[in-house]
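Report on the structure
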Amino acid sequence: MNPVTLPPVALSVIIPTYRGAERIEGALSSLASQTLDATMFEVVVIVNGPREGYVEALEGMAERHPGLRLRVEFSDRTGASHARNIGLAISSGRYVTFVDDDDWLQPRFLELGLAAAGVDRVVVLPLIDQLMDTDELRPSPYGTQTRAADAQVVPLATQHWILMFNACKILPRDVAVQIRYDEDLRSGEDLVYFSHLLAHELLVAFTYGDDAHYVRRVRAGSISRQNTSFDFLVTQRLACIQRLDGLDLPVGSVADDSRMLMIRSQANSLVRWLDGNPEGRARVMAAVNRANIQRFPRGLFNKGQAEELAFLPTFGLQTDADAAGELETLVARGAVVDVISAVPPGPHPQNPHALVLVADVLDTHTGLAVPWGEDVSECVTAFALSAARTAARRHGRKPYRSLYSRAPWASSHAAGALFKLDHWPIVWTAEFSHSLRTTPEGAKRPSPIVWDDVTATFRAAIDARGFEALRIPTTFALIEAVTVIVADEVVFPTPHIRDEMLAAWGDSGLTELVMAKSTARTPRWQGYPSPAP
């Protein structure tokens, strides 16, 4: 059963097996029935663990199928990863594929796969599931996707889903042996192994045949069913994410994007555990912190948890000090938050760190397409109305407790005022970086008021609170006035800016009101961090 003197073959089929002497016959029989010439491939069986029953079973297979090139290695050490590493080391084929001992291959699997193989690519063939209780074949999403992509050859990094499992792939041995299965992982070792292929500039070639499926046997004890424990859904998933996080891939590349999608897929298992154990949130977060994963998508835990609403029209669009302070404040406030921002037309500078920096507190970020131009009233009205309506729909499903808005863009406070006036119990904090009526350099901003439903609502709110005599010459002044009067808390960057803004109004009643509910602080933010290496 160890024809080591025979010449190399084109393809090695590697089968790890543990206590599977009774079930491995199905896999071996399917290989003996392949349409590919038996001299073109070898079958490498690695018995990891007890040997009982294997010698008889394998000798029987060799006698019944003398043409099958069968190689067997025994290892006292258990573990599929260890067995696969042995199989890779002793294989002689130019290409390799993996088969589990309880699965089997349809007759043309090896023939079609080898025909599409190349040293620069991974071949993906269709996958189908077979129920062990009834032997019924059921389509799998992977098989459906492979059929839809038949004959396509595309960059591997664009198809991260094929990296999530061992089955139905043929890859160049020269590449395969450069990677080792992580023998310390208790699950997910296949995903981690194949994710290392992202570091190689490989293609993926899809090929489909009705009689060329990898048949995956689904049984009650399979790893996919072990899906409820903290150990499996949290501890073991974090171990996989640590390995994915450590891959040496260019940040921001297509390969990095695929890596992040796989990390999110693994992290979703933690969310799944939390869905059934909501009281365990602190336990999960403690495990995440201990794992020290640089790019863990913490925002996944915030789904549906937002208690605060934030109107930040330029969120994620800028990298200046004002935008940095905006992000700092969101994190410092500590509440899980829904952010509503504006989406300007055309290209606009993006802040690549925004979502990373606020991931711990961000639930959802919604960008609204609104006018963005010189007509101040049109921009303010469009964003304020759209943002307030969007927020009201969410508030109706799950009420917010607090509201945060931050300027320099006046529309942030305009939206805040509209929402506050319609939802009075919500606690509104409005933050200024400087007066809305002037530029940071102190120049006046001309913006004649266009009276519409929004501006009229603001003026009425100001008058109803006893400030009928307050002179309001511009749209910017109107928004500033309604904000400092209606907000529950007003925040200024420094006492000096607060004093200047209040002095410009020249109204002692307004000054007294604002001083009683305002704070002035110097932002701690010292700029954006450098991108991760």
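Before any of the text, the structure's been laid out above.
Residues numbered from 1 in each chain as written. Predicted model: local features only at pLDDT ≥ 70, side-chain atom pairs only at ≥ 80, totals over all residues. Heavy atoms only, no water.

**Topic: the pattern of salt bridges**
On inspection of all chains with the given rule, the structure shows 23 salt bridges. A salt bridge links Asp120 to Arg121; its shortest N-O distance comes to 3.0 Å. Residue classification places Asp120 among the partly exposed positions, given a relative accessible area of 32%. One salt bridge in this structure joins Arg437 and Glu480, with 3.2 Å as the shortest N-O distance. One end of the pair, Arg437, is in the loop between β17 (427-431) and α15 (453-464); the other, Glu480, is in helix α16 (residues 475-486), and 43 residues separate them in sequence. Classification of Glu480 by relative accessible area gives buried; the value is 1%. A single network of salt bridges, built from pairs that share partners, joins Arg77, Arg180 and Glu183. (Salt bridge = Lys/Arg side-chain N within 4 Å of Asp/Glu carboxyl O. Buried < 20%, exposed > 50% of the residue type's maximum accessible area, 1.4 Å probe, protein only. Helix = DSSP H or I, 4+ residues; strand = E, 2+ residues; numbered from the N terminus.)

**Topic: helix α10 (residues 281-291)**
For α10, the complete set of buried residues consists of Val284, Met285, Ala287, Val288 and Ala291. Looking straight down α10, one finds its buried side chains confined to an arc of 155 degrees; they lie on one side. Residues of α10 that are exposed and angled more than 90 degrees away from the buried face: Ala282 and Arg290. Tucked inside the fold, the buried residues of α10 contact α8 (230-245) and α9 (254-276). (Arc of directions from axis to C-beta. Contact = heavy atoms within 4.5 Å.)

**Considering the packing of helix α1 (residues 24-32) against helix α2 (residues 54-64)**
Running from N to C, α1 and α2 point in directions that differ by 20 degrees, and their axes come no closer than 11 Å. For the element pair α1 / α2, the angle class is roughly parallel. Two packed elements cross with a definite hand, and for α1 against α2 that hand is right-handed. Mapping the contact onto sequence places Glu25, Leu28 and Ser29 in α1 and Leu58, Met61 and Arg64 in α2. (Axes fitted to C-alpha atoms, helices over the stretch in contact; angles between N-to-C directions. Parallel < 35°, antiparallel > 145°, perpendicular 65-115°, else oblique. Left-handed = near helix turned anticlockwise from the far one by under 90°.)

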